Amino acid sequence: MSSELRPLGDFVTFISGNTPSKLNAAYWGGPTPWVSAKDMGEFWIEDSEDHLTEAGVAAASRLVPAGTVLLLSRGMTLHKRVPICRLGTAATFNQDVKAVLPKRGLSGRFLPYLLVGNHDRLHDQVDSAGHGTGRLNSDTLRSFPVAVPPIEEQERIADIGEAIDDQLRLIRQTNATLEAIAQALFKSWFIDFDPVRAKMEGREPEGMDAETAALFPSEFEESELGLIPRGWKVQTFAEAFHFSMGQSPPGSELNEKMDGLPFFQGSADFNSVFPSVRIYSPNPRRTADAKDVLFSVRAPVGDCNIAKEKCGIGRGLCAIRSRFAGIGVTYPWVKSITSDLQRASGEGVVFSSLSKDQLANCSVVVAPVDVYGAVDSILSPILDSMTIIDEESMSLSSADSNLKCNTCYRVRFAHAEHFTEALPATPA
């Protein structure tokens, strides 16, 4: 690898995004992703929260193809990290995001690993705009010194990086599919009451054996929450769940040296199902047990993950465990009533926090215990599979980080090749 450091601007061009007028409804709600900082949590961006119509794309005039590298150049997130992502599909993006396009001599496949490998040095370049927003200005980015190897070595590094990333994408998609299956089954049985409706119409409930179907009634009855299956009841959240609000120790007690229990202050470390451990506490004031649902009670209220082991929880979280069901049911149950809990905050969809009393008094529909037992026997194995897949993802992420680190520090490439040999088998 060449040892010569040259300005990043010698190798790439930066293009800024745009925001079509949000007052013009004709621009919004179409099929084209419009990426902003909130979509840049993962390396690959498969979709975005907001979308543009064809007219919106024309107004934004910054449509880039799949594979393009995006870098956040303005936003509060920059004070913590520099999101560097790659598009899984063609997309537009806002003015806080820059598309990084390679010039001749730089492989577009190598570019994301060059940037991620230099993440910490890039983060050191973040300053603050007048009102405190993090900023990576264009001149700083263009003059940022990088070492770029010959094109042949770039392609070899990209081959390894993409092999790992492809495995990570597949694993995450598999876990997302499993979670969607669990959530859909819970919704069908406990939100839409499909088995009850089927029996009312003289049909056999779908997706269950006769023994399980016999657990569901064939009629509804009135309740304070509307029609619910006969024999089921409405209870408060406190009657249905054990829950413990978190409490934060002094920041001086927290460490990154693995001293004490894993500690989660809020949902910042949440992933799709299980949180990432960043810090530890030798003396947590409140703890959650393995397979407790970790629920965010401060903005953003309603985010959920599952504790993989005993851990400390700060004031941004509470730990939840059902009084009647295992985690296979509890996780989709808590996720399904998030909207109810949000309304309990009294602030609509956008709110800042949820108190212990608000949570305790929220009303939920509770089925007989044997119904939960039957469902848990289906959903818990799905959760176990998701746990195993998450472990594989963690192992691959570690290899991915090492590769990107090696890219940065120019370790001999032969040393990196063992990562592909160590890739775990793709989940079925």
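Residues numbered from 1 in each chain as written. Predicted model: local features only at pLDDT ≥ 70, side-chain atom pairs only at ≥ 80, totals over all residues. Heavy atoms only, no water.

1. Side note on the confidence of the model for the chain
Close reading of the predicted structure is inappropriate where its pLDDT is low. The condition is simple: The predictor rates its confidence in each residue with pLDDT, a number between 0 and 100. Residue contacts are defined here by distance: any two heavy atoms, one from each residue, within 4.5 Å place the two residues in contact.
Averaged over all residues, the pLDDT of the chain is 86; the fraction at 70 or higher stands at 88%. Note that pLDDT drops below 50 for residues 408–428; the model gives that stretch 38 contacts with residues more than four away or on any other chain.

2. Quick notes on the sheet that holds strand E9 (residues 97–102)
Selection rule: Being paired, for any two strands, means DSSP has found at least two bridges between them. Starting at the N terminus, helices and strands are each numbered in turn, a helix being any DSSP run of H or I of at least four residues and a strand any DSSP run of E of at least two.
If you walk across this open sheet you meet the 5 strands as E2-E9-E6-E7-E4, and the pairing is mixed. Single-partner strands in this sheet number two, and they are strand E2 (12–16) and strand E4 (44–45). Note: strand E6 (residues 69–72) against E9, 4 bridges, orientation antiparallel. Bridge pairing in E9 links Val-69 to Val-100.

3. Observations concerning empty space enclosed by the protein
For clarity, the threshold we go by: Think of a 1 Å grid over the protein atoms and nothing else: a 1.4 Å probe that fits but is trapped marks a cavity, an open set flanked by protein within 12 Å on at least five of seven lines marks a pocket, and residues with an atom within 4 Å of a point count as lining. Grid points are joined across faces, edges and corners, and a volume is the space filled by probe spheres set on the points. Residue polarity is assigned by list, with Asp, Glu, Lys and Arg as charged and Ala, Val, Leu, Ile, Met, Phe, Trp, Tyr, Cys and Pro as nonpolar; anything else, Gly included, falls into the polar class.
For the structure on display, the rule yields 2 cavities of 30 Å³ or more. The wall of the largest cavity is formed by Glu-179, Ala-182, Gln-183, Ile-327, Gly-328, Tyr-331, Pro-332, Leu-379, Leu-383 and Met-386. Counting only elements with at least two residues in the lining of the largest cavity, the list comes to helix H5 (151–191), helix H9 (327–336) and helix H12 (369–409). Top contributing element to the lining of the largest cavity by residue count: H9, with 4 residues. Looking at the lining of the largest cavity, its residues break down into 7 nonpolar, 2 polar and 1 charged.

4. Topic: unusual backbone geometry
Test applied: Under the scheme applied here, a residue whose accessible area is under 20% of the maximum for its type counts as buried, over 50% as exposed, and between as partly exposed, the area being computed with a 1.4 Å probe on protein chains only.
Positive phi is not limited to glycine here, since Phe-193 has a value of about 55°. Residue placement: Phe-193 occurs in the loop between H5 and helix H6 (194–200). In this model, Met-258 sits at a positive phi of 60°, which is unusual for a non-glycine residue. Here Met-258 shows up in the loop between strand E16 (241–245) and strand E17 (261–264). Among the residues examined, Met-258 registers a relative accessible area of 61% and is labelled exposed.

5. Re the packing of aromatic side chains
To be explicit about the condition: Note on aromatic pairs: the rings of Phe, Tyr and Trp (six-membered ring only in Trp) are paired at centre separations within 6.5 Å, and the planes decide the class, stacked below 30 degrees, edge-to-face beyond 60, tilted for the rest. Each ring is checked for a lysine NZ or an arginine CZ that lies within 6 Å of its centre and within 35 degrees of its normal; such an atom marks a charge sitting over the ring.
Counted by the stated rule, this structure contains 14 aromatic pairs. By the ring-pair criterion, three or more aromatic residues cluster together here, those being Phe-186, Trp-189, Phe-190, Phe-193, Phe-216, Phe-220, Trp-232, Phe-237, Phe-241, Phe-243, Trp-333 and Tyr-372. Here the guanidinium or amino end of Lys-308 rests over the ring plane of Phe-274, the centre of that ring lying 5.5 Å away.

6. Description of the side chain of Ser-36
Residue placement: Ser-36 occurs in the loop between strand E3 (28–35) and E4. Classification of Ser-36 by relative accessible area gives buried; the value is 5%. Leaving out residues up to four positions away in the same chain, Ser-36 has contacts with Asn-94 and Val-97.

7. Here we look at the pattern of salt bridges
In plain terms, the rule: Any Lys or Arg side-chain nitrogen found within 4 Å of a carboxyl oxygen on Asp or Glu counts as a salt bridge.
Per the counting criterion, the structure on display carries 16 salt bridges. A salt bridge links Glu-201 to Arg-203; the nearest nitrogen and oxygen atoms lie 2.8 Å apart. Among the residues examined, Arg-203 registers a relative accessible area of 39% and is labelled partly exposed. Overlapping salt bridges bring together Arg-86, Arg-109, Glu-155, Asp-159 and Glu-162 as one network.

8. Quick word on the side chain of Thr-53
Using the following cut-off: Any pair of N or O atoms that falls within 3.5 Å is considered a polar contact. Within protein, one atom must be able to donate a hydrogen and the other to accept it, and sequence-neighbouring residues count only if both atoms are side-chain atoms.
Its place among the elements puts Thr-53 in the loop between strand E5 (50–52) and helix H1 (54–60). Since its relative accessible area comes to 18%, Thr-53 is described here as buried. Side-chain polar atoms of Thr-53 contact the backbone oxygen of Ala-26, separated by 2.5 Å. Residues within four places of Thr-53 in sequence aside, it is in contact with Ala-26, Tyr-27, Trp-28, Gly-29, Gly-30 and Pro-31.

9. What about the nonpolar core?
Nonpolar side chains in soluble globular proteins tend to end up buried together. Applied cut-off: What we call a nonpolar core is a set of buried Ala, Val, Leu, Ile, Met, Phe, Trp, Tyr and Cys residues that are connected through their side-chain atoms within 4.5 Å.
Core analysis: the largest hydrophobic core is formed by 52 residues, its most contacted members being Phe-190, Phe-237, Ile-320 and Trp-333. Counting residues per element, this core draws most heavily on H12, at 8 residues. Not counting chain neighbours up to four residues away, the residues in contact with Ile-320 comprise Phe-237, Phe-241, His-242, Phe-243, Asp-292, Val-293, Phe-295, Thr-330 and Val-334. One finds Ile-45, Val-64, Val-97 and Leu-106 within the second-largest nonpolar core, a separate group that totals 35 residues.

10. Quick look at the sheet that holds strand E8 (residues 92–93)
Sheet strands line up and pair through hydrogen bonds in the backbone, either parallel or antiparallel. Taken together, 3 strands build an open sheet; the order of strands is E5-E3-E8 and the sheet is mixed. Every other strand in the sheet has two partners, leaving E5 and E8 as the edge strands with one partner each. Pairing analysis gives 2 bridges linking E3 to E8, with the strands arranged parallel. Paired with Trp-34 across the two strands is Thr-92, which belongs to E8.

11. Regarding the environment of Ser-128
Examined against the element boundaries, Ser-128 turns out to sit in strand E10 (residues 127–128). When its relative accessible area of 41% is taken as the criterion, Ser-128 is described as partly exposed.

12. Quick notes on the packing of H5 against H9
This is how the line gets drawn: Angles run from 0 to 180 degrees between N-to-C directions of axes, and those axes are lines fitted to C-alpha atoms, restricted for helices to the stretch in contact. Roughly parallel here means an angle under 35 degrees, roughly antiparallel means over 145, roughly perpendicular means 65 to 115, and every remaining angle is called oblique.
Contact pair H5 / H9: the axes reach a minimum separation of 9 Å and the direction vectors enclose 70°. With respect to H9, the axis of H5 lies roughly perpendicular. Residues Glu-179, Ala-182, Gln-183, Phe-186 and Ile-191 of H5 lie in contact with H9, whose contacting residues are Val-329, Tyr-331, Pro-332, Trp-333, Lys-335 and Ser-336. Here the contact of H5 with H9 is built from residues that sort into 7 nonpolar, 2 polar and 2 charged.

13. Description of the environment of Ile-388
You can see Ile-388 is positioned in helix H12. Separated by 213 residues in sequence, Ile-388 and Asn-175 place their C-alpha atoms 9.8 Å apart.

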